[in-house]
Amino acid sequence: MIPLKLDILEKSEHKLVLVVEGISVEMINAIRRIMLTEVPVMAIDEVIILKNDSPLYDEIISHRLGLIPLKTDLDVYKLPKECECGGFGCPLCQVSLTCEVTNTTNASLDIYSGDLKSNDPKIVPVDPFIPIVKIDKNDKVIIEAYAILGIAKDHAKWQAVSNVAFKYYPEIKFDTNALKDSDENNLVVKMCPEKLFELASNGSLKLKDDYEKNCTLCKSCEKNSGEKISVNSKEDVYIFSIESDGVLDYDALIKKVFEVYNEKIDEFVTELEELDIES
Ligand SMILES: [Zn+2]
């Protein structure tokens, strides 16, 4: 077993790619599944439409509102079922967002997510330019919406990440001296679907920087070089990539994943202790 090690391969506002070493495939898959379906985030769950002059039905507008990603603060808010109010709705488990727009211009007007006014300045749409509906001149829309925490196991609108996936860490090995045939080298370069190979000035084959990030372990180079190139996956090393729409910071997201993970283990141990195994 290799020791646990983490490294950042890529980090931007919407994407985090890590190299994870020293854990089993079952464990990294459990982390992936919790991240995808069990980390709570905010989403609109109840909508009261007081006026709707737009061409869209109330139900369609409600559905569109539910899918707007909202910035989430897990330190303040609780899941309704865990809240002291019993899920009835209180400032600890619910945020209200209102939208009142009248089109006083002489043309049609777009209503965007930024037109939703939240009663908590920290719980606002991630992007203020998500279109909700378009209204004609003199038309009016008045909406009252309530956002609560939820998990993606119940509805995809509560998904904390846009995507999360892992793959084995690829290891491509070859001896440049054994690869002298220029036709064969050109074939390897041409046939790699991710274009990870290039030819050096002397015609020899070389790998591009960061090839690990894009290699899909398809082994096309192995076949096209007559097995002179070997492609293998490193045992217990993975490339773990998270795509986020920005509802949660990566720190808060990862911390919550392990909180849920530990809760599950605690629950398992408690259940196990209640069983009388020894008798
Ligand atoms: Zn409450």
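Residues numbered from 1 in each chain as written. Predicted model: local features only at pLDDT ≥ 70, side-chain atom pairs only at ≥ 80, totals over all residues. Heavy atoms only, no water.

Judged by side-chain polarity, I265, F268, V269, L272, L275 and I277 come together as a nonpolar surface patch covering roughly 580 Å² of accessible area. Assessed through its relative accessible area of 41%, I265 is described here as partly exposed. (Patch = residues over 30% accessible without salt bridge, like charges linked within 9 Å, V, L, I, M, F, W, Y side chains within 5 Å. Areas by Shrake-Rupley, 256 points an atom, 1.4 Å probe, with all protein chains shown as cover. Salt bridge = Lys/Arg side-chain N within 4 Å of Asp/Glu carboxyl O. Buried < 20%, exposed > 50% of the residue type's maximum accessible area, 1.4 Å probe, protein only.)

This brings us to the coordination of the zinc ion. Around the zinc ion, the donor atoms from the protein are C83 (SG), C85 (SG), C90 (SG) and C93 (SG), and they sit 2.2 to 2.3 Å away. Coordination at the zinc ion is tetrahedral, judged from the four donor atoms that bind it and the angles of 98 to 117° they form at the metal. Site description for the zinc ion: donor spacing in sequence, C-x1-C-x4-C-x2-C. (Donors = N, O, S within 2.8 Å, 3.2 Å for Na, K, Ca; no water. Tetrahedral: all angles 85-135°; square planar, octahedral: opposite > 155°, others 65-115°.)

Here the focus is the packing of aromatic side chains. Inspection of every chain in the model, using the stated rule, returns five aromatic pairs. Judged by centre distance (6.0 Å) and plane angle (75°), the rings of Y112 and F129 are edge-to-face. Within this pair, whereas Y112 is found in strand β5 (residues 109-112), its partner F129 is found in the loop between β6 (117-118) and β7 (131-135), the two being separated by 17 residues in sequence. When its relative accessible area of 29% is taken as the criterion, Y112 is described as partly exposed. (Phe/Tyr/Trp six-rings, centres within 6.5 Å; stacked < 30°, edge-to-face > 60°. Helix = DSSP H or I, 4+ residues; strand = E, 2+ residues; numbered from the N terminus.)

Moving on: the nonpolar core. Residues I31, M35, F240, I242 and L253 are the most contacted members of the largest nonpolar core, which totals 26 residues. Elements with a minimum of two residues in this core: β2 (15-21), α1 (25-37), β3 (41-52), β12 (229-243) and α6 (250-274). Counting residues per element, this core draws most heavily on α6, at five residues. Two domains each donate at least three residues to this core, and these are domain 1 (5-37 + 163-241) and domain 2 (41-158). Core analysis: the second largest hydrophobic core is formed by 24 residues, I68, L79, V95 and V141 among them. (Core = buried A, V, L, I, M, F, W, Y, C linked by side-chain atoms within 4.5 Å. Domains from an automatic or database assignment.)

Pairing of strand β1 (residues 5-11) with β2, which is carried by six bridges, proceeds in the antiparallel orientation. Directly across from K11, in β2, lies its bridge partner L16. Counted along the chain from β1 to the antiparallel partner β2, the turn is three residues long. (Pairing = 2+ DSSP bridges.)

Moving on, we get to empty space enclosed by the protein. Under the counting rule described, the total for this entry stands at one cavity of 30 Å³ or more. Taken as a whole, the largest cavity spans an internal volume of roughly 90 Å³. The wall of the largest cavity is formed by 14 residues, among which C192, L196, C215, C218 and C221 lie closest to the centre. Residues that form the lining of the largest cavity fall into these classes: ten nonpolar, two polar and two charged. (1 Å grid on protein atoms, 1.4 Å probe; cavity = no way out; pocket = protein on both sides within 12 Å on 5 of 7 lines; lining within 4 Å. Points joined across faces, edges and corners; volume = space filled by probe spheres on them. Nonpolar A, V, L, I, M, F, W, Y, C, P; charged D, E, K, R; others polar.)

Attention now goes to the sheet that holds β12. Pairing is antiparallel in the open sheet, where four strands are placed in the order β1-β2-β12-β9. With partners counted over all chains shown, the strands left at the sheet margins are β1 and β9 (163-174), one partner each. With strand direction ignored, the average angle separating the axes of adjacent strands in the sheet is 30°. Direction of pairing for β2 relative to β12: antiparallel, over a ladder of seven bridges. Bridge pairing links E21 to V237 in β12. Relative to β9, α1 is tilted by about 145°, and along the sheet it contacts β2, β9 and β12. (Axes fitted to C-alpha atoms, helices over the stretch in contact; angles between N-to-C directions. Contact = heavy atoms within 4.5 Å.)

Let us look at the packing of α1 against α6. Remark: α1 packs on α6, axes separated minimally by 9 Å, with the N-to-C direction vectors making an angle of 110°. The angle between α1 and α6 falls in the class roughly perpendicular. Viewed along their axes, α1 and α6 form a crossing whose handedness is right-handed. Note on element contacts: α6 touches α1 through L253, I254, V257, F258, V260, Y261 and K264, opposite M27, A30, I31, I34 and M35. Its residues assigned to classes, the contact of α1 with α6 comprises eleven nonpolar, no polar and one charged. (Parallel < 35°, antiparallel > 145°, perpendicular 65-115°, else oblique. Left-handed = near helix turned anticlockwise from the far one by under 90°.)

Here the focus is the side chain of S204. By secondary structure assignment, the location of S204 is in the loop between β10 (197-199) and β11 (205-207). Residue S204 is classed as buried on the basis of its relative accessible area of 16%. For S204, the side chain forms a polar contact with the side chain of N202, separated by 2.9 Å. When residues no more than four places from it in sequence are discounted, the contact partners of S204 are T176, N185, E198 and L199. (Polar contact = N/O pair within 3.5 Å; in protein donor to acceptor, adjacent residues only side chain to side chain.)

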